[in-house]
Amino acid sequence: MHHENLRQGLALAARSFYERGWMLGTAGNLSARMAEETFWITASGRPKDLLDTEDFVSVNLQGEVLLAASGRKPSAETSIHQVIYQHIPEARVVFHVHSIEANLCGHFARNGQLRLPPLEMLKGLGIPDSEPEIDLPVFANHQDVARIAKEMDTVFAQAIPPVPGALIHQHGVTAWGGDLLSARHHLELLEYCFRYLVQAKALAIGVQA
Ligand SMILES: CSC[C@@H](O)[C@@H](O)C(=O)COP(=O)(O)O
Ligand SMILES: [Zn+2]
């Protein structure tokens, strides 16, 4: 996709996530890979409902800034996007958002894994089983973002997550895909799972496989 359209696509996605309450108060960041070694990422601290093309910074896979409008710095969480692009060649778009449900679900995790509900909808995350038993990786949050990225790097070097996403406890979820649309679908499906788990817990019904 043309670079201009890629940034417009990211800005449109951010606005829709903002309207769903997933990117309030400048929370979250979005990126899209351009060439093999570079990606656009949202500038740090920008309002996610009002992004324009100047609110994207071009960086390489080492996180070095290639292009930035004056006063714009790359997202403070750029290192997390780097780890995903480095380990998962199919990932071309990465969305990180902060929903209430994702943050509640972190409390349901055991040993760094959140068991997803055994729903047919997991098919959209690449799991075609009728009674899927899938665990989403959950990482500890650290004020030092590089430490979160390092822990992700270590885990991803062992195994890529079974679905295109990962949770950071008390922080938010990150989902990825091969293009803008598939990254959005993956994020929506994970968020659906989180809402399901929170509501199931509220109803005190067991959903663990
Ligand atoms: C609302 S503060 C949230 C930030 O600390 C961070 O977690 C976040 O997602 C946005 O950081 P940013 O540097 O704007 O990309
Ligand atoms: Zn964040």
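Residues numbered from 1 in each chain as written. Chains lettered and ligands numbered in written order. Predicted model: local features only at pLDDT ≥ 70, side-chain atom pairs only at ≥ 80, totals over all residues. Heavy atoms only, no water.

- Going by what an unreviewed UniProt entry lists, the chain is known as Methylthioribulose-1-phosphate dehydratase and is assigned to Acidithiobacillus sulfurivorans.
- The record in UniProt for the chain states the following under Pathway (unreviewed entry): "Amino-acid biosynthesis; L-methionine biosynthesis via salvage pathway; L-methionine from S-methyl-5-thio-alpha-D-ribose 1-phosphate: step 2/6." (UniProt positions renumbered as here; feature names shortened; annotations may be inferred.)

## Points about the pairing of strand S8 (residues 165–168)
- Residues of S8 alternate between two faces, with Gly-165 and Leu-167 on one and Ala-166 and Ile-168 on the opposite face, all of them buried.
- Where strand S7 (residues 135–139) and S8 come together, two bridges link them in parallel fashion. Bridge pairing in S8 places Phe-139 opposite Ile-168.
- The parallel pair S7 and S8 is bridged by helix H4 (residues 145–158), and the resulting crossover is right-handed.
- Pairing geometry for S8 and strand S9 (residues 172–177), over four bridges, is antiparallel. (Buried < 20%, exposed > 50% of the residue type's maximum accessible area, 1.4 Å probe, protein only. Helix = DSSP H or I, 4+ residues; strand = E, 2+ residues; numbered from the N terminus. Pairing = 2+ DSSP bridges. Right-handed = clockwise from strand over helix to strand, strands pointing away.)

## Looking at the sheet that holds strand S1 (residues 29–33)
- Overall, mixed pairing links the nine strands, which are arranged S4-S3-S2-S1-S5-S9-S8-S7-S6 in an open sheet. The open sheet terminates on both sides in strands that have one partner only, identified here as strand S4 (65–67) and strand S6 (113–115). The sheet shows a mean angle of 25° between the axes of neighbouring strands, taken without regard to direction.
- Relative to S7, S6 runs antiparallel, the two being bridged by three bridges. Counterpart to Arg-115 in the pairing with S7 is Asp-135. (Axes fitted to C-alpha atoms, helices over the stretch in contact; angles between N-to-C directions.)

## Here's the deal with the site of ligand 1
- Around ligand 1 lies a shell of 14 residues, among which Gly-28, Ser-44, Gly-45, Ser-75 and Glu-77 are the nearest.
- In this structure, Ser-44 approaches ligand 1 through a side-chain N or O atom, which is 2.6 Å from an oxygen atom.
- Between ligand 1 and Glu-77, the relevant distance is 2.7 Å, taken from an oxygen atom to a side-chain nitrogen or oxygen of the residue.
- Looking at the shell around ligand 1 residue by residue, the class counts come to two nonpolar, ten polar and two charged. (Near = heavy atom within 4 Å. Polar contact = N/O pair within 3.5 Å; in protein donor to acceptor, adjacent residues only side chain to side chain. Nonpolar A, V, L, I, M, F, W, Y, C, P; charged D, E, K, R; others polar.)

## Concerning H4
- Here H4 contains 14 residues, and its C-alpha end-to-end distance of 20 Å stays within 8% of the 20 Å for a straight helix at 1.5 Å per residue.
- When we look at burial in H4, the residues that qualify are Val-145, Ile-148, Ala-149, Met-152 and Phe-156. Along H4, the residues classed as buried sweep out an arc of 95° about the axis, all on the same side. Seen from the buried face of H4, the exposed residues on the opposite side, beyond 90 degrees, are Lys-150, Ala-157 and Gln-158.
- Taken together, the buried residues of H4 touch helix H2 (78–87), S7, S8 and S9. (Expected span 1.5 Å × (residues − 1). Arc of directions from axis to C-beta. Contact = heavy atoms within 4.5 Å.)

## A word on the UniProt feature "binding site: Zn(2+)" (unreviewed entry) in the chain
- According to UniProt, the feature "binding site: Zn(2+)" (unreviewed entry) maps to His-96 and His-98 in the numbering used here. Lining the second largest pocket, from this annotated set, are His-98.
- Within the secondary structure, His-96 is located in strand S5 (residues 93–97).
- Of the residues examined, His-96 reaches a relative accessible area of 2% and is grouped as buried.
- Those residues in contact with His-96, other than ones at most four positions away along the chain, are Met-23, Gly-28, Asn-29, Glu-77, His-81, His-171, Gly-172, Val-173 and Thr-174.
- Mapped onto the elements, His-98 comes out in the loop between S5 and helix H3 (100–105).
- Among the residues examined, His-98 registers a relative accessible area of 25% and is labelled partly exposed. (1 Å grid on protein atoms, 1.4 Å probe; cavity = no way out; pocket = protein on both sides within 12 Å on 5 of 7 lines; lining within 4 Å.)

## Concerning the UniProt feature "domain: Class II aldolase/adducin N-terminal" (unreviewed entry) in the chain
- Mapped onto this structure's residue numbering, the UniProt feature "domain: Class II aldolase/adducin N-terminal" (unreviewed entry) falls at residues 8–198.
- Across residues 8–198, the secondary structure splits into 32% helix and 21% strand, with the terminal C-alpha atoms separated by 33 Å.

## Things to note about the pattern of salt bridges
- Applying the stated rule across the entire model yields eleven salt bridges.
- Note that Arg-33 is salt-bridged to Glu-36, the shortest N-O span being 3.7 Å.
- For Arg-33, a relative accessible area of 9% gives the class buried.
- Salt-bridge contacts for Asp-135 lead to Arg-115; the nearest nitrogen and oxygen are separated by 2.7 Å. (Salt bridge = Lys/Arg side-chain N within 4 Å of Asp/Glu carboxyl O.)

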